[in-house]
Each structure stands twice: as structure tokens, then as C-alpha cells.
Amino acid sequence: AQSVTQPDIHITVSEGASLELRCNYSYGATPYLFWYVQSPGQGLQLLLKYFSGDTLVQGIKGFEAEFKRSQSSFNLRKPSVHWSDAAEYFCAVGGYSSASKIIFGSGTRLSIRP
Amino acid sequence: SQTIHQWPATLVQPVGSPLSLECTVEGTSNPNLYWYRQAAGRGLQLLFYSVGIGQISSEVPQNLSASRPQDRQFILSSKKLLLSDSGFYLCAWYRTDTQYFGPGTRLTVL
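Quantities reported herein were computed from a predicted structural model and do not represent experimental measurements.

Asker: I'd like a rundown of the interface of chain A and chain B, residues and numbers included.
Answerer: The partner chain B presents 23 residues to the 19 residues of chain A that form the contact. For the pairing of chain A and chain B, the buried interface totals around 1,500 Å² over both sides, and the portion due to carbon and sulfur atoms is 56%. Counting the surface chain A buries against chain B, the share from its top three residues, Leu44, Ser100 and Lys101 of chain A, is 28%. One can count one salt bridge joining chain A with chain B. Across the pair Glu59 of chain B and Lys101 of chain A runs a salt bridge whose closest N-O atoms are separated by 3.2 Å. For the interface between chain A and chain B, the tally reads eight residue pairs in polar contact (both at pLDDT 80 or more). For the side of chain A that touches chain B, the secondary-structure elements that each account for two or more residues are strand 5 (32-38), strand 6 (44-50) and strand 11 (102-104) of chain A. The element contributing the most residues to the side of chain A that touches chain B is strand 5 of chain A, with four residues. Residue composition of the side of chain A that touches chain B, grouped by class: 10 nonpolar, seven polar and two charged.

Cut-offs and rules
- Residues numbered from 1 in each chain as written.
- Chains lettered and ligands numbered in written order.
- Predicted model: local features only at pLDDT ≥ 70, side-chain atom pairs only at ≥ 80, totals over all residues.
- Heavy atoms only, no water.
- Contact = heavy atoms within 4.5 Å.
- Buried area = accessible area lost by both parts, 1.4 Å probe.
- Salt bridge = Lys/Arg side-chain N within 4 Å of Asp/Glu carboxyl O.
- Polar contact = N/O pair within 3.5 Å; in protein donor to acceptor, adjacent residues only side chain to side chain.
- Helix = DSSP H or I, 4+ residues; strand = E, 2+ residues; numbered from the N terminus.
- Nonpolar A, V, L, I, M, F, W, Y, C, P; charged D, E, K, R; others polar.

Purely geometric stuff here, so don't read any function into it on its own.
Below, the structure written as C-alpha cells:
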């Protein structure tokens, strides 16, 4: 069965430091992979997505993610975080359902240290 | 461009009262639509999805139901709310293999 694991529940990073959020998936074929961000009390905003092609994907707000098939991972990175990046981040996998359903990880909460 | 709306933004309801949450999409036709619930500090749980008018699929047996009376309208309902129905309800629509989310409705059942 398809699943997504985000092993880090909460991460704190200093402003200006680099960031990497981990995501591992379980899927029998080439998945569609997504990262979404959720600010408190808000809906989810799509940061980036991977369907095929170049395994390094650029997204909005300076984020990027790298698809590694051998490791079943799709980690999110940012070279230098800003205080406004504090939010909840969700990794998701899709492409397995005719109804276009996607499965979400449990999320990683990012806090920024001044 | 496409826009998704959810109404109301917040709702406080007593246990046993009925519920109706509305989601509407503008700028597209016959979209796939989805209802998710997010409990406090938790991930997203898919509740219902719809691939067309009158077509509803339930993912989790529960106290809630969904309807799609019009092409771009998706409604989440309950006849009698439970305390466990509290949470953040998100509607989403689908385009080119990606789901896009509305702003959400915060439901508190007291």
C-alpha cells in the first residue's frame, strides 16, 4: 500500500541556516510527489511537485526537493530560511488512483530561531 | 484563473446539532473535489471525494456525509455533531495531477 513517512515531527532552525525536511514514500511505481506548506489556520499551499524528468525540482519561496528513487525519498531543502518559513510542511504521494487521490505524511512543524 | 472558496471560515456548534459546510470552485468545470479533516496537531485525513455531480465516494465510515448538487459545489454535512467532529476541514480540487486547497473551515463542537 502507498504510504508517506515524515520522520521529524518538529524541527527548529536558526534564521539564515539551511534546512532539510525528510520524506520517505512507499509506492510500487513512479509516484507523483508533492510538498505543501500550511501556515497556522490556513489552507495548504503547493510548494513544488515531481512527476518525472529532472530529479531536482525547484519550487516557490526558494525551496527545492530532490527525488531519489533508490532511497524512496523526496527531501525538501532551502539554503537559508527566513522567519516567515515557520509553518507545517506536508509531503504527499499521488498518481496511484483514478480519482487522483493523494496520501499525506503526518507533517513536520518548522520553527525558526531568531 | 481558478479559485476555491469555503464557507464559513469558523463555526462553533453544540453537540447534536446539524452541520453544513460549503465548498465552491470558480473558473473550471467538472473538477474532482475532495473533503479532508485535520484534527489538532495531526495530518490530513481524506473523508470524501467526488468525480462528478451526484457521485460521492466515502473513505472513512463516520458521522458525516457529502453531496455534490452542482458541478462546482461540494457540501459536507452531519445530522448530529459529535465532539470528535471538531477539527479543520479542507476542501480541495484537482487539476493536472495536483490538488489545490481552499482556506479551510475551523469547526469546534462543544
